[in-house]
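Structural description and commentary
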Amino acid sequence: AKTLQSNIKCNPNMQPLLPQLSQFLKESLLEDIGIAGDITSNAIIEKNQEVEFDIIVKESAVVCGTIISEYFFQHYGSCKYQIFAHDGSRVEAG
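The rules behind these values
- Residues numbered from 1 in each chain as written.
- Predicted model: local features only at pLDDT ≥ 70, side-chain atom pairs only at ≥ 80, totals over all residues.
- Heavy atoms only, no water.
- Helix = DSSP H or I, 4+ residues; strand = E, 2+ residues; numbered from the N terminus.
- Buried < 20%, exposed > 50% of the residue type's maximum accessible area, 1.4 Å probe, protein only.
- Contact = heavy atoms within 4.5 Å.
- Areas by Shrake-Rupley, 256 points an atom, 1.4 Å probe, with all protein chains shown as cover.
- Arc of directions from axis to C-beta.
- Core = buried A, V, L, I, M, F, W, Y, C linked by side-chain atoms within 4.5 Å.
- Patch = residues over 30% accessible without salt bridge, like charges linked within 9 Å, V, L, I, M, F, W, Y side chains within 5 Å.
- Salt bridge = Lys/Arg side-chain N within 4 Å of Asp/Glu carboxyl O.
- pLDDT = per-residue confidence, 0-100.
- Polar contact = N/O pair within 3.5 Å; in protein donor to acceptor, adjacent residues only side chain to side chain.

Next up on the list: the overall build of the protein chain. In terms of regular secondary structure, the protein chain is built from 3 helices and 2 strands. Its helices and strands taken in sequence order, the protein chain reads α-α-β-α-β from the N to the C terminus. Burial analysis of the protein chain (94 residues in total) assigns 15% to the buried set. A separation threshold of at least 6 residues defines the contact pool for the protein chain, and within that pool the share at least 24 residues apart is 63%. Summed over all atoms, the accessible surface of the protein chain reaches about 7,800 Å², with 55% contributed by carbon and sulfur.

This part takes up helix H3 (residues 66-75). Regarding H3, the residues found buried are Thr-66, Ile-67, Glu-70, Tyr-71 and His-75. All buried residues of H3 lie within an arc of 145° about the axis, which places them on one face of the element.

Right, let's talk about the nonpolar core for a bit. In this structure, Leu-18, Leu-21, Leu-25, Ile-67 and Tyr-71 together form the largest nonpolar core, which totals 5 residues. Looking at this core, the elements with two or more residues in it are helix H1 (18-33) and H3. Tallying contributions element by element places H1 first for this core, with 3 residues.

For the rest of this paragraph, the subject is a nonpolar patch on the surface. On the surface, Val-51, Phe-53 and Ile-55 cluster together into a nonpolar patch covering about 380 Å² of accessible area. Following the sequence through the fold, Ile-55 ends up in the loop between helix H2 (39-44) and strand S1 (61-62).

To continue, consider the confidence of the model for the protein chain. Per-residue pLDDT for the protein chain averages 78, and the proportion of residues at 70 or more is 83%. Here residues 1-6 is a poorly scored stretch, pLDDT under 50, and it has 16 contacts once near neighbours within four places are set aside; other chains count.

Moving on, we get to the environment of Gly-94. Position of Gly-94 relative to the elements: it lies in the segment after strand S2 (90-91). Taking C-alpha positions, Gly-94 is 5.7 Å from Ile-56, a pair spaced 38 residues apart along the chain.

Assignment of secondary structure puts Glu-27 in helix H1. Given the relative accessible area of 45%, Glu-27 is considered partly exposed. Of the polar contacts made by the side chain of Glu-27, one reaches the side chain of Gln-23; its length is 2.7 Å.

Below, the structure written as structure tokens:
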């Protein structure tokens, strides 16, 4: 079974929870897209389509969700990614 890797940067207190989080995310994704994938996405996005995107905040914020993002990027598809700010980091607008 695929689990969150222990080398993912996160609060050390969260490390023991990674196996449970991994299982929860796997079940959530299966429930959301099923075995055949998301019908809408399959209809409008070509299988090998490449996408590039940035997430830009409109005001100062605290980053959260990078652990979940890394999990999906590492385990579902051949995704190249780069994370510039990790969970708990403060970022400014723009």
